[in-house]
Amino acid sequence: MTIEFDNNLPIYLQIMNYIKGEIVTGKLKPGDKILSVRELASEMQINPNTVQRTFQELEREEIVETRRGMGRYVTSKEETIMTIKKEMAKDILDRFIRGMQDLGFQGEDILAAVAESIGTKDGE
């Protein structure tokens, strides 16, 4: 597991985003056991307190659940996973639209560019 950490964003948030990405892409499935604090800290070469904070936030958001004496597991709630997926998609779209607007494109031009790109992908 390798993450290039961004100095402008707290590490625990970057780890949260990484784990959320693993969940929405299906690499971590509902009910899968996730690494322990020590294992993840060792693997990522970061402080265990940072990993603990990450897990606390993921639990608060009901993305992972702790089973006493057994460890932490990915939520089995499909609606929670779908919500995460939609939030991540919205973030990607917002960044894309801002980038296109910075280039001088507006509503219809952006839609046309997307439609053209999708049409190109469908024809391959």
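What you see is a predicted model, and the numbers here were worked out from it, not measured in a lab.

Brief notes about the packing of aromatic side chains
A complete count under the given rule lists 0 aromatic pairs for this structure. The aromatic ring of Tyr-12 is capped on one face by Arg-53, whose charged end is 3.9 Å from the ring centroid. The residue whose ring lies beneath Arg-67 is Tyr-73, and the NZ or CZ to ring-centre distance is 3.9 Å.

As for the side chain of Lys-20
Mapped onto the elements of the fold, Lys-20 is located in helix α1 (residues 11–24). Discounting chain neighbours no more than four positions away, the residues touching Lys-20 are Leu-58, Glu-61, Ile-63, Ile-84 and Met-88.

Section: the UniProt feature "domain: HTH gntR-type" (unreviewed entry) in the chain
Under the feature "domain: HTH gntR-type" (unreviewed entry), the UniProt entry names residues 9–77. Note that residues 9–77 is 51% helix and 12% strand, and that its end C-alpha atoms are spaced 28 Å apart.

Section: the nonpolar core
Ile-19, Ile-23, Leu-40, Val-51, Phe-55 and Leu-58 are the most contacted members of the largest nonpolar core, which totals 22 residues. Sorting elements by how many residues they give to this core places α1 first, with 6 residues. In contact with Leu-58, not counting residues within four places along its chain, are Met-16, Ile-19, Lys-20, Ile-63 and Val-64.

Some points on the domain arrangement of the chain
Here the chain is described as being made up of domain 1 (11–76) and domain 2 (79–123). Taken together, the 10 residues of domain 1 in the interface contact 5 residues of domain 2. Across the interface of domain 1 and domain 2, roughly 620 Å² is buried in total on both sides, 82% from carbon and sulfur atoms. Put simply, domain 1 and domain 2 have 0 salt bridges between them. If you look at where domain 1 meets domain 2, you find 0 residue pairs in polar contact (both at pLDDT 80 or more). Of the residues in the side of domain 1 that touches domain 2, the class split is 4 nonpolar, 3 polar and 3 charged.

Some remarks on helix α3 (residues 48–60)
Under the 1.5 Å per step criterion, the end-to-end length of α3 is 18 Å for 13 residues, consistent within 8% with the ideal 18 Å. Here α3 has its buried residues at Val-51, Thr-54, Phe-55, Glu-57 and Leu-58. Buried residues in α3, looked at end-on, bunch into an arc of 160 degrees, giving them a common side. For α3, exposure combined with an orientation more than 90 degrees from the buried face picks out Asn-49 and Arg-60. Remark: Glu-62 follows α3 within two positions and exhibits a positive phi of approximately 60 degrees.

Quick word on the pairing of strand β2 (residues 71–74)
Across 4 bridges, the pairing between strand β1 (residues 64–67) and β2 is antiparallel. Its bridge partner being in β2, Thr-66 is matched across the sheet by Arg-72. Connecting the antiparallel pair β1 and β2 is a turn made up of 3 residues, with Gly-69 showing a positive phi of about 75 degrees.

Rules behind the numbers
Residues numbered from 1 in each chain as written. Predicted model: local features only at pLDDT ≥ 70, side-chain atom pairs only at ≥ 80, totals over all residues. Heavy atoms only, no water. Phe/Tyr/Trp six-rings, centres within 6.5 Å; stacked < 30°, edge-to-face > 60°. Lys NZ or Arg CZ within 6 Å of the ring centre and 35° of its normal. Helix = DSSP H or I, 4+ residues; strand = E, 2+ residues; numbered from the N terminus. Contact = heavy atoms within 4.5 Å. UniProt positions renumbered as here; feature names shortened; annotations may be inferred. Core = buried A, V, L, I, M, F, W, Y, C linked by side-chain atoms within 4.5 Å. Buried < 20%, exposed > 50% of the residue type's maximum accessible area, 1.4 Å probe, protein only. Domains from an automatic or database assignment. Buried area = accessible area lost by both parts, 1.4 Å probe. Salt bridge = Lys/Arg side-chain N within 4 Å of Asp/Glu carboxyl O. Polar contact = N/O pair within 3.5 Å; in protein donor to acceptor, adjacent residues only side chain to side chain. Nonpolar A, V, L, I, M, F, W, Y, C, P; charged D, E, K, R; others polar. Expected span 1.5 Å × (residues − 1). Arc of directions from axis to C-beta. Pairing = 2+ DSSP bridges.

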